[in-house]
Amino acid sequence: MNPTHRLLSLLAVAFAFCQPAAAEGEKRPPLKTGDIVFQQTATSASDAIMLASGTKYTHVGIVELDKQGHPNVIEAVGPVRITPLDTWIKNGTGKRVTVKRIKGLSEANAKAALADAHRYLGRPYDHFFYESRDQIYCSELVHLAFKDGANISLGKEEKVRDLKIDTGAAQKLIAQRWKAHPLCKSKGAANFKACYALILDQTLVTPASIARDPQMELVYTNFGDDAE
């Protein structure tokens, strides 16, 4: 695949990564504040997302119990918002959900992570996974909340070049949008090739890397063989 097509495929991941998904709660075990929920999305670039990170999980959020004990999810979807878990679950493909928990997570650390996540409420969604905090994407919200709020490094920071970006998904969509990438605009990239070179060195955290973090343990899933 030539560099132009690779760039288009790469940006297909960036533009659709982390749009919401869902799963309905049949006999889920009781959840805790600080649990992390994963789902699959149904967007035009979902295939690109899954191929790039090798997972069915394309959206992730953090559970927070309200004063009545009802679970909500704080998520970055544009803007960062709080959504009732049952609604969150109904928003995605196949109503499937995986719930994971950081092993030994204390109540104090869970609350600290959620308090940090709350700082981003209302922040717009980052369609480009650019390394700034004025806009936030889903797995970035989870990563930053635990890192800054509870001093827990969750998920793996990866270079875009390390993902499986050689796919052809959503090329037409990306052809219409790549010029808006803030990194390419700030560096004056005038064409796909120049923008592609910049984006390859961009750092991001994927939902897959959070799901695969060895600190995590499985609480519940109805993803079947697709669960991680």
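Cut-offs applied
- Residues take numbers from 1 onward in each chain, read along the sequence in its written order.
- Reporting of local features is limited, given that this is a predicted model, to residues whose pLDDT is at least 70; pairs of side-chain atoms are given and counted only at 80 or more, and all residues count toward the totals for whole chains, interfaces and linings.
- Only hydrogens and water are set aside; all other atoms, that is, all heavy atoms of the structure, feed into the side-chain values.
- The helix count covers DSSP runs of H or I at least four residues long, the strand count covers runs of E at least two residues long, and both are numbered beginning at the N terminus.
- A helix's residues, less one, multiplied by 1.5 Å, set its expected span.
- Burial classification: accessible surface area is computed with a 1.4 Å probe over protein chains only, and a residue below 20% of its type maximum counts as buried, one above 50% as exposed, and the rest as partly exposed.
- What the arc covers is the set of directions going from the helix axis to the C-beta atoms.
- For this analysis, residues touch if any pair of their heavy atoms sits within 4.5 Å.
- The set of buried Ala, Val, Leu, Ile, Met, Phe, Trp, Tyr and Cys residues whose side-chain atoms join them within 4.5 Å is what this entry labels a nonpolar core.
- Under this definition, polar contacts are N or O atom pairs within 3.5 Å; protein pairs additionally need one hydrogen-donor-capable and one acceptor-capable atom, and for neighbouring residues in sequence, both atoms have to be side-chain atoms.

Before we move on, could you go through helix α4 (residues 107-118) and cite the residues and values that matter?
In this model, α4 (12 residues) spans 16 Å end to end at C-alpha, consistent with the 16 Å of a helix rising 1.5 Å per residue. Among all positions of α4, only Ala 110, Ala 113, Leu 114, Asp 116 and Ala 117 are buried. Mapping the buried residues of α4 onto a view down its axis gives an arc of 160°, with all of them on the same face. Across from the buried face of α4, at angles greater than 90 degrees, the exposed residues are Glu 107, Ala 108 and Lys 111. If you follow the buried residues of α4, they end up packed against β2 (59-65), β3 (71-76) and α5 (138-150).

Would you mind going over the nonpolar core in detail, with residue names and values included?
With 40 residues, the main nonpolar core has Ile 36 and Phe 146 as its most contacted residues. When residues of this core are traced back to their parent elements, those giving at least two are β1 (36-39), β2, β3, α4, α5, α8 (192-200), β7 (203-205) and α9 (207-211). For this core, the element with the most residues is α5, which contributes seven residues. Leave out the neighbours within four places in its chain, and Phe 146 touches Gly 34, Ile 36, Ile 62, Ile 102, Leu 105, Ala 113, Asn 151, Ile 152 and Leu 154.

Which residues make up α8, and what values do they have?
Along α8, the residues classified as buried are Phe 192, Cys 195, Tyr 196, Ile 199 and Leu 200. Mapping the buried residues of α8 onto a view down its axis gives an arc of 135°, with all of them on the same face. Structurally, the start of α8 carries an N-cap: the backbone nitrogen of Lys 193 is 3.2 Å from a side-chain oxygen of Asn 191.

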